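For reference, the chains in residue letters:
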Amino acid sequence: SGLLNGQNVIVMGIANERSIGWGIAKSLHAQGARLIFTYRKERSYEKLAKLLAESGIDPLLTVQCDVSDDASIEAAFGRIGAEAGVVHGVVHSLAFADKDELGGEYVDTSREGYLLAQESSAFSLVAVAKAAKPLMTAGGSIVTQTYLGAERVMRNYNVMGVAKAALEASVRYLAEDLGKYGIRVNAVSAGPIRTLAAKGVSGFNDIMNTVEEKAPLRRNVDQSEVGDATMFLISGLSRGITGEVLHVDAGFHIIA
Ligand code: 0WD
């Protein structure tokens, strides 16, 4: 009864139980996907192993992958290819910026901080798509996670907003390149959710309060809602959709 029975799906970017990637993993698992996990820090691996054991999810494979390191990507996808063979889906749920750049004025962004945010948060999708492409021999779906700060100026989001704009443009260019192989590329634009990464953004509580007050649904969203929407974009239910940014934000983005 699973929409993803027999499908091998990679989930990248789970740091702990609050991670959006974890909500996504649970939604994919509920539809019968065979899950492959990548993590960066050893600490995340330990948390992930514990979460998987507690939830009774038996992963196909768990591999280390630092997306800012080409050799690490090559090694990770080499192992995935060797052990899983074909890959049907990839979930890119990671981003990084120096905390010092996520406050004050964007005009003060350093060259180093700009490049770090772009490399970890936007180029990483390009590098991952390139590495996954030869494994996606049956076609499939790649989904990344973005935020409204790509489209609008949101206080303190600064360098990450510009990185997310590059990420969303990359979704469109990658969708065109990979469409001829039957591979779709889309993004989910989630509303604010309290996670480790969100801790880096100053004034995060105010953002959540504003959404609760102004969003059509008068509430914030959670990891399970982003998980289900991402599952939809990974699954064949979304087979006619590519190059799209799907907002899962209680409707906040339509309000002026
Ligand atoms: O409000 C939010 N939390 C929103 C998050 C709203 C809208 C979008 N997003 C996005 C984030 O920008 C990100 O793209 O969702 C994605 C996931 O974010 P999250 O779930 O909020 O963040 P978190 O729980 O901190 O997990 C992010 C993971 C961490 O794992 P590790 O193992 O490194 O602790 O992404 C990881 C990050 O460190 N990550 C990397 N993984 C591999 N290579 C890298 C890297 N270079 N950089 C960061």
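Shown above is the structure to which this text applies.
Residues numbered from 1 in each chain as written. Predicted model: local features only at pLDDT ≥ 70, side-chain atom pairs only at ≥ 80, totals over all residues.

### Describing the overall build of the protein chain
Now for step 1: For the protein chain, the count of helices and strands is seven helices and seven strands.
Now for step 2: Counted from the first residue to the last, the protein chain has its helices and strands arranged as β-α-β-α-β-α-β-α-β-α-β-α-α-β.
Now for step 3: The C-alpha atoms of the protein chain give 17 Å as radius of gyration, which agrees with the globular expectation for 256 residues (18 Å, within 12%).
Now for step 4: Here the protein chain holds 256 residues, and the buried ones make up 46% of them.
Now for step 5: Intrachain contacts of the protein chain at a sequence separation of at least 6 include 76% that bridge at least 24 residues. (Helix = DSSP H or I, 4+ residues; strand = E, 2+ residues; numbered from the N terminus. Rg over C-alpha atoms; globule rule 2.2 N^0.38 Å. Buried ≥ 20, exposed ≤ 12 C-beta atoms within 10 Å, placed from the backbone. Contact = placed C-beta atoms within 7 Å.)

### What to know about the site of the ligand
Now for step 1: As a structural note, the neighbourhood of the ligand is formed by 28 residues, with Ser 19, Ser 44, Leu 94, Thr 195 and Ala 197 the closest of them.
Now for step 2: Listed by contribution, the elements that provide at least two residues to the shell around the ligand are helix 1 (20-30) and strand 5 (140-146).
Now for step 3: A class-by-class count of the residues in the shell around the ligand yields 14 nonpolar, ten polar and four charged. (Near = placed C-beta within 6 Å. Nonpolar A, V, L, I, M, F, W, Y, C, P; charged D, E, K, R; others polar.)

### Some remarks on the environment of Thr 62
Now for step 1: Locating Thr 62 in the fold gives a position in strand 3 (residues 61-64).
Now for step 2: Residue class for Thr 62 comes out partly exposed when judged on the 16 C-beta atoms lying within 10 Å of it.
Now for step 3: Linking Thr 62 and Gly 203, residues 141 residues apart in sequence, is a C-alpha distance of 35 Å.
Now for step 4: Discounting residues that sit within four places of it in the chain, Thr 62 has contacts with Phe 37, Tyr 45 and Leu 48.

### Section: the pairing of strand 5
Now for step 1: Most of strand 5 is tucked away: seven of the seven residues are buried.
Now for step 2: In strand 5, alternate side chains face the same way, and those of Gly 140, Ile 142, Thr 144 and Thr 146 on one face and Ser 141, Val 143 and Gln 145 on the other are all buried.
Now for step 3: Summarising the sheet, strand 4 (residues 89-92) and strand 5 pair through four bridges and their orientation is parallel. Pairing of Val 90 across the sheet is with Ile 142, part of strand 5.
Now for step 4: Taken together, strand 4, helix 4 (residues 111-132) and strand 5 constitute a β-α-β crossover, and its handedness is right-handed.
Now for step 5: Two strands pair when backbone bridges link them, and strand 5 and strand 6 (residues 183-190) are joined in this way by seven bridges, in the parallel orientation. Its bridge partner lying in strand 6, Ser 141 is registered against Arg 184.
Now for step 6: A crossover links strand 5 with its parallel partner strand 6, the connecting element being helix 5 (residues 158-179), and its sense is right-handed. (Pairing = 2+ DSSP bridges. Right-handed = clockwise from strand over helix to strand, strands pointing away.)

### Digging into the environment of Gly 13
Now for step 1: Inspection of the secondary structure assignment puts Gly 13 in the loop between strand 1 (8-12) and helix 1.
Now for step 2: Given 26 C-beta atoms within a 10 Å radius, Gly 13 is considered buried.
Now for step 3: Residues Gly 13 and Val 67, 54 residues apart in the sequence, show an inter-C-alpha distance of 9.9 Å.
Now for step 4: Discounting residues that sit within four places of it in the chain, Gly 13 has contacts with Ser 19, Gly 21, Ser 93 and Leu 94.

### Thoughts on the sheet that holds strand 7 (residues 245-248)
Now for step 1: Read from one edge to the other, the open sheet built from seven strands follows the order 3-2-1-4-5-6-7, with strand pairing classed as parallel. Of all the strands in the sheet, just strand 3 and strand 7 have a single pairing partner and so form its edges. Averaged over neighbouring strand pairs, the angle between their axes works out to 20° when direction is ignored.
Now for step 2: On the sheet, helix 1 packs against strand 1, strand 2 (34-39), strand 4, strand 5 and strand 6 and is oriented at approximately 165° with respect to strand 1. (Axes fitted to C-alpha atoms, helices over the stretch in contact; angles between N-to-C directions.)

### Comments concerning the pairing of strand 6
Now for step 1: Most of strand 6 sits out of view: eight of its eight residues are buried.
Now for step 2: Side chains of strand 6 alternate between two faces, with Ile 183, Val 185, Ala 187 and Ser 189 and Arg 184, Asn 186, Val 188 and Ala 190 buried alike.
Now for step 3: Pairing geometry for strand 6 and strand 7, over four bridges, is parallel. Bridging across to strand 7, Ala 187 finds its partner in Val 245.

### Description of the packing of helix 4 against helix 5
Now for step 1: For the pair helix 4 and helix 5, interaxial distance at closest approach is 9 Å and the crossing angle is 20°. In terms of their interaxial angle, helix 4 and helix 5 are classed as roughly parallel. Relative to helix 5, the crossing made by helix 4 is right-handed. Contact residues: helix 4 offers Gly 113, Tyr 114, Ala 117, Gln 118, Ser 121, Ala 122, Leu 125, Val 126 and Ala 129, while helix 5 offers Val 159, Met 160, Ala 163, Lys 164, Ala 166, Leu 167, Ser 170, Leu 174 and Leu 178.
Now for step 2: Residue composition of the contact of helix 4 with helix 5, grouped by class: 13 nonpolar, four polar and one charged. (Parallel < 35°, antiparallel > 145°, perpendicular 65-115°, else oblique. Left-handed = near helix turned anticlockwise from the far one by under 90°.)

By themselves, these observations are geometric and do not establish any function.
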